[in-house]
There are 2 protein chains.
Amino acid sequence: MTDQEYMQKALIEAKQAFEEGEVPVGAVIVCRDRIIARAHNLTERLTDVTAHAEMQAITAAANALGGKYLTDCTLYVTVEPCVMCAGALAWAQLSRIVYGASDPKRGFSVFAPNALHPRTEVTEGVLAEECANLMKDFFQRRR
Amino acid sequence: MTDQEYMQKALIEAKQAFEEGEVPVGAVIVCRDRIIARAHNLTERLTDVTAHAEMQAITAAANALGGKYLTDCTLYVTVEPCVMCAGALAWAQLSRIVYGASDPKRGFSVFAPNALHPRTEVTEGVLAEECANLMKDFFQRRR
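Residues numbered from 1 in each chain as written. Chains lettered and ligands numbered in written order. Predicted model: local features only at pLDDT ≥ 70, side-chain atom pairs only at ≥ 80, totals over all residues. Heavy atoms only, no water.

As annotated in an unreviewed UniProt entry, chain A carries the name tRNA-specific adenosine deaminase and comes from Alloprevotella tannerae ATCC 51259. In the Subunit (unreviewed entry) part of its UniProt record, chain A is described as follows: "Homodimer." According to the UniProt record, the Sequence similarities (unreviewed entry) comment for chain A reads "Belongs to the cytidine and deoxycytidylate deaminase family. ADAT2 subfamily." (UniProt positions renumbered as here; feature names shortened; annotations may be inferred.)

Laid out in C-alpha cells, this is it:
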C-alpha cells in the first residue's frame, strides 16, 4: 500500500472522531506492510488530555508487537503531532512518521523541532488538504 | 504541607518503582492541599513508553476531578519531565510544577524549553540530591 492509501485509513479514524464530537485526528501504525494499530482522538470521551490518537496508537502497537520499541514501524497521522506526541514517538523510536496537515499552533515542528528521535524520518503533507478540511469543518461547526 | 513534604510523597512512589525494576521516577498531584493522584513509572510492566509517572498522574488526577484540566493543581515529580510529559502538562494546564533532579539528557528544559503552558509556574531542585541519587543507584546496579 502507498502512503496515500495508509493515510486514507488514518482519515477513516479521524472521521470516526469527528462523528463522536472529538477533535478529528486519526492515526494508524504500520509494521512490515501490516496495520498493527488504529486509533483516533478520545480526549473528550476519556476526559483525558493525553488520549491523543498517536498516544493510543503507540500503546496499541507496542501491545500488538509485545515490545515497547517501534523501530520498524511507520506512523500515519492526519495532523502534525503536538509536542507531547512527538516526545512519545521519540521514546518509541519509530523509523518513520507521515503526517497530513501541518499544525502551526500546536505542532512539534514549531515548538520542539528536535523532539523526535534523530533516526526517525518524517514525511509531511500527504492528503494534507483533506486532513486539514476535516479539522476546519469541525471547528467551524463548534463556533 | 510544604514542597519538601509533598516531594517526599513523590519519592515514596519513585522508591516503589525502583523496587519493581522500573526507572525510579515518582509523582503526586496536589489540588487545594490534597493529594489527588500518586503514580510511578510503569514503562516496563506495561511495555509502554508512554507510561511515565507524570502521564499516569495526569490521567488519574483528571479522573479524580472529573475534568481534563488541572488548572488548580501542582505536580510534584522526582525528576525533570521529558518532552512528552511537558507537552502533556501543557495540555492539562497545571498551575505549578515542582521537580527534584534535573535531567540534562532528556529533560524538557533542554529540548523543548517552551513546551509548558505559559501560565505554569516551575520550581526545580526540591530534594534534588535524594531524587538524583535514586536514579544513579538504579542505573549503577543495572550495569
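Looking only at helices and strands, chain A features 5 helices and 5 strands. Listed N to C, the secondary structure of chain A is α-β-β-α-β-α-β-α-β-α in terms of helices and strands. Over its C-alpha atoms chain A spans a radius of gyration of 14 Å, differing by no more than 12% from the 15 Å that the globule rule assigns to 143 residues. Its C-alpha atoms give chain A principal-axis dimensions of roughly 40 × 30 × 30 Å. The 143 residues of chain A split such that 55% are buried. Contacts in chain A between residues far apart in sequence, at least 24 positions, make up 59% of those at least 6 positions apart. Accessible area for chain A stands at about 6600 Å²; split by element, carbon and sulfur atoms hold 46% of it. Treating the 15 positive side-chain charges of chain A as one cloud and the 18 negative ones as another, the clouds have centres 2 Å apart. (Helix = DSSP H or I, 4+ residues; strand = E, 2+ residues; numbered from the N terminus. Rg over C-alpha atoms; globule rule 2.2 N^0.38 Å. Buried < 20%, exposed > 50% of the residue type's maximum accessible area, 1.4 Å probe, protein only. Contact = heavy atoms within 4.5 Å. Areas by Shrake-Rupley, 256 points an atom, 1.4 Å probe, with all protein chains shown as cover. Lys, Arg positive; Asp, Glu negative; His and termini not counted. Charge placed at Lys NZ, Arg CZ, Asp CG, Glu CD.)

Our next topic: the environment of B:R34. If you trace the backbone, B:R34 turns up in strand β2 (residues 34–40). Excluding its chain neighbours within four sequence positions, the residues that come into contact with B:R34 are B:Y6 and B:I29.

Turning our eyes to something else, we now look at the interface of chain A and chain B. In this complex, chain A contributes 26 residues to the contact, which on the side of chain B involves 26 residues. Both sides of the chain A and chain B interface together cover about 2200 Å² of buried area, and 71% of this is carbon and sulfur. Counting the surface chain A buries against chain B, the share from its top three residues, A:V49, A:K68 and A:W91, is 32%. A:K68 is the salt-bridge partner of B:E44, the closest N and O atoms lying 3.0 Å from each other. Here chain A and chain B share 4 residue pairs in polar contact (both at pLDDT 80 or more) between them. Where the side of chain A that touches chain B is concerned, the elements lending two or more residues are α2 (53–65) and α3 (83–92) of chain A. With 6 residues, the top contributor of residues to the side of chain A that touches chain B is α3(A). When grouped by side-chain class, the residues that make up the side of chain A that touches chain B number 14 nonpolar, 8 polar and 4 charged. (Buried area = accessible area lost by both parts, 1.4 Å probe. Salt bridge = Lys/Arg side-chain N within 4 Å of Asp/Glu carboxyl O. Polar contact = N/O pair within 3.5 Å; in protein donor to acceptor, adjacent residues only side chain to side chain. Nonpolar A, V, L, I, M, F, W, Y, C, P; charged D, E, K, R; others polar.)

This part takes up the packing of helix α1 (residues 3–19) of chain A against helix α5 (residues 128–142) of chain A. Residues and elements named next belong to chain A. Contact pair α1 / α5: the axes reach a minimum separation of 10 Å and the direction vectors enclose 5 degrees. Put simply, α1 runs roughly parallel to α5. Mapping the contact onto sequence places M7, Q8, L11, A14, K15 and F18 in α1 and E130, C131, L134, D137, F138 and R141 in α5. Within the contact of α1 with α5, the residues separate by chemical class into 7 nonpolar, 1 polar and 4 charged. (Axes fitted to C-alpha atoms, helices over the stretch in contact; angles between N-to-C directions. Parallel < 35°, antiparallel > 145°, perpendicular 65-115°, else oblique.)

The next subject is the packing of aromatic side chains. Throughout the structure, instances matching the rule amount to 6 aromatic pairs over all chains. With centroids separated by 5.7 Å and ring planes inclined at 70 degrees, the aromatic side chains of A:F18 and A:F138 adopt a geometry described as edge-to-face. You can see A:F18 sitting in helix α1 and its partner A:F138 sitting in helix α5, a full 120 residues away along the chain. With relative accessibility at 17%, the residue A:F18 sits in the buried group. Taking the relative accessible area as the measure of exposure, A:F138 reaches 4% and is therefore buried. Ring centres of B:Y6 and B:Y76 lie 5.1 Å apart, and the angle between their planes is 35 degrees; on these two criteria the pair is classed as tilted. Linking B:Y6 in helix α1 (residues 3–19) with B:Y76 in strand β3 (residues 73–79), this pair joins segments that are 70 residues apart in sequence. Judged by relative accessible area, which is 3%, B:Y6 ranks as buried. Site record: aromatic cluster; members linked through ring pairs are A:F18, A:F138 and A:F139. (Phe/Tyr/Trp six-rings, centres within 6.5 Å; stacked < 30°, edge-to-face > 60°.)

This paragraph deals with the sheet that holds strand β5 (residues 121–124) of chain A. Residues and elements named next belong to chain A. The sheet built from 5 strands is open, its strands ordered β2-β1-β3-β4-β5 with mixed pairing. Because the sheet does not close on itself, it has two edges, and the strands there are β2 (34–40) and β5. Put simply, the sheet's adjacent strands are angled 15 degrees from each other on average, direction ignored. Examined bridge by bridge, strand β1 (residues 26–31) and strand β3 (residues 73–79) share 5 bridges and lie antiparallel to one another. Pairing of I29 across the sheet is with L75, part of β3. Against the sheet, α2 contacts β1, β2 and β3, and its axis sits at roughly 145 degrees relative to β2. (Pairing = 2+ DSSP bridges.)

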